[in-house]
Amino acid sequence: MRVVRGLSRSSSRPSGGSSTPWLYLAPALVVLGGLLLYPIYQLGLISFFHYTQAQVSGGQPATFEGFGNYREIFSDAQFWQVLLATVVFAAACVVSTLSVGCALAVLLTRVRALPRLALMLAALGAWATPAVTGSTVWLLLFDPDFGPVNRMLGLGDHSWTYGRLSAFLLVLLEVVWCSFPFVMVTVYAGIRAVPAEVLEAAELDGASQLRVWRSVLAPMLRPILVVVTIQSVIWDFKVFTQIYVMTNGGGIAGQNLTLNVYAYQQAFASSQYSLGSAIGIVMLLILLAVTLVYLRLLRRQGEEL
């Protein structure tokens, strides 16, 4: 009987052992490696060389610079100004996107089927709109001559893209408009998975909607909130299209530059491909550091990720 039990237990185990899941993931990992790792490798390689239009055309050989490109960008005062503007702008976008998305997700659980369907379709339409198209539409809405926003607010021919703060605000609104549907749909799906008895008990205890969110929903949805927060940080930190289209390449005298647009200008407008690559690597390291620190803090709080 002992032998039979041992055989039955061993036969129930996967024959491939711990390597079986990796065999299923291997094709996807190969594709991701080719699409992500190789371009990152090339980007890092170019950042260590003096690589301009002369090297691209083959007129001059590429010379090894080591960390010279990184020293050059770190000694540039404009780089630090752009980095600070990028961090503040991305933080404002993330907070605004999460706030709007979570609020609308809760609203979806409170309205009837028809209004819920209409809101979902409208949000998905905003999400599916290409960034270039959405940015152009927002520029038309806030146009100083023909835009309906200025007429409704009585601002006359006020130019939203002329001032630094107003231009960043305009871009922020467009970024939130095209980003909140992802947060809304994801958080709504998480709320629907919460047992109804838990929410009913909180309501019977007299908890307000805000208290239910803070004390019941937010702790239970923390793994989902981690995903949407990290995703929003990555998206908003590397915003390019909205800034480039709505501020005409970075605003007057570069007042609305972000790191992604700044790297583009260095690489393609100035043909300093090595400097643009170095800025791209710095952005990658910053995003990796922010993500790892955020996950580490959550693990210290006992969260399973």
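Here the residue index of a chain counts from 1 through its sequence in written order. Totals for whole chains, interfaces and linings use every residue, but because this is a predicted model, local features are given only for residues with pLDDT of at least 70 and side-chain atom pairs only at 80 or more, for both listing and counting. Hydrogens are left out, water is left out, and the side-chain values use all remaining heavy atoms of the structure.

Chemist: It is not clear to me how the overall build of the protein chain should be interpreted in this structure. Could you clarify?
Modeler: In this description a helix means any DSSP run of H or I spanning at least four residues, a strand means any run of E spanning at least two, and both kinds are numbered starting from the N terminus. In terms of regular secondary structure, the protein chain is built from 15 helices and two strands. The reference for a compact globule is 2.2 Å times residues^0.38; the radius of gyration itself is calculated from the C-alpha atoms. Computed over its C-alpha atoms, the radius of gyration of the protein chain comes to 25 Å, more than 25% above the 19 Å expected for a compact globule of 305 residues. Looking at the protein chain as a whole, 34% of its 305 residues are labelled buried. Residues are treated as being in contact if the distance between any of their heavy atoms lies within 4.5 Å. Here the contacts in the protein chain between residues at least 6 apart in sequence split such that 66% fall between residues at least 24 apart. Each residue gets one of three labels from its accessible area relative to the maximum for its type: buried under 20%, exposed over 50%, partly exposed in between, using a 1.4 Å probe on protein chains only.

Chemist: Can you help me understand the side chain of D236 in this one?
Modeler: By secondary structure assignment, the location of D236 is in helix α12 (residues 222-237). For the purpose of charge, His is not counted, nor are the chain termini; Lys and Arg are scored as positive and Asp and Glu as negative. The term salt bridge refers to a pairing of a side-chain nitrogen on Lys or Arg with a carboxyl oxygen on Asp or Glu at a separation within 4 Å. For the buried D236, no salt bridge exists, and the shortest N-O distance to an oppositely charged side chain is 9.0 Å, to K238. What qualifies as a polar contact is a pair of N or O atoms within 3.5 Å, subject to a donor-acceptor requirement within protein and to the restriction that residues adjacent in sequence count only when both atoms come from side chains. Within polar-contact distance, the side chain of D236 engages the backbone nitrogen of V94 at 3.4 Å. In this structure D236 touches A90, C93, V94, T97, V175 and S179, once residues within four positions along its chain are discounted.

Chemist: Before we go on, may I ask you to explain the packing of helix α9 (residues 164-193) against α12 in this structure?
Modeler: Helix-helix packing is described using two parameters, namely the angle between the two axes and the distance between the axes. Here an angle of 0 to 180 degrees is reported between the N-to-C directions of two axes, which are lines fitted to C-alpha atoms, with helices fitted over the stretch in contact. It is at 10 Å that the axes of α9 and α12 come closest, and there the two elements cross at 165°. Comparing their axes, α12 and α9 come out roughly antiparallel. Seen from above, α9 lies across α12 with right-handed handedness. Residues V175, S179, F182, V183, T186, V187 and G190 of α9 form the contact with α12, whose participating residues are I224, L225, V228, Q231, S232, W235 and D236. Residues are grouped as follows: Ala, Val, Leu, Ile, Met, Phe, Trp, Tyr, Cys and Pro are nonpolar; Asp, Glu, Lys and Arg are charged; all remaining types, including Gly, are polar. In the contact of α9 with α12, the residues fall into eight nonpolar, five polar and one charged. Each angle is binned into one of four classes, with values under 35 degrees roughly parallel, values over 145 roughly antiparallel, values of 65 to 115 roughly perpendicular, and all other values oblique. By definition, any crossing whose near helix is turned counterclockwise from its far helix by less than a right angle is left-handed, and any crossing with a clockwise turn is right-handed.

Chemist: I keep staring at helix α6 (residues 113-128) and nothing clicks. Help me out?
Modeler: An α-helical segment advances 3.6 residues per turn. Residues three or four places apart therefore align on the same side. A helix is expected to span 1.5 Å for every residue after the first. With 16 residues, α6 extends 22 Å between its outermost C-alpha atoms, agreeing within 8% with the 22 Å of an ideal straight helix rising 1.5 Å per residue. Considered for burial, the residues of α6 that qualify are M120, A123 and A126. Projected down its long axis, α6 carries its buried residues within an arc of 125°, all on one side. Within α6, the exposed residues directed more than 90 degrees away from the buried face are A113, L114, L121, A122 and A128. In this fold, the buried residues of α6 make contact with α5 (77-108) and α9. Along the arc lie the directions from the helix axis toward the C-beta atoms.

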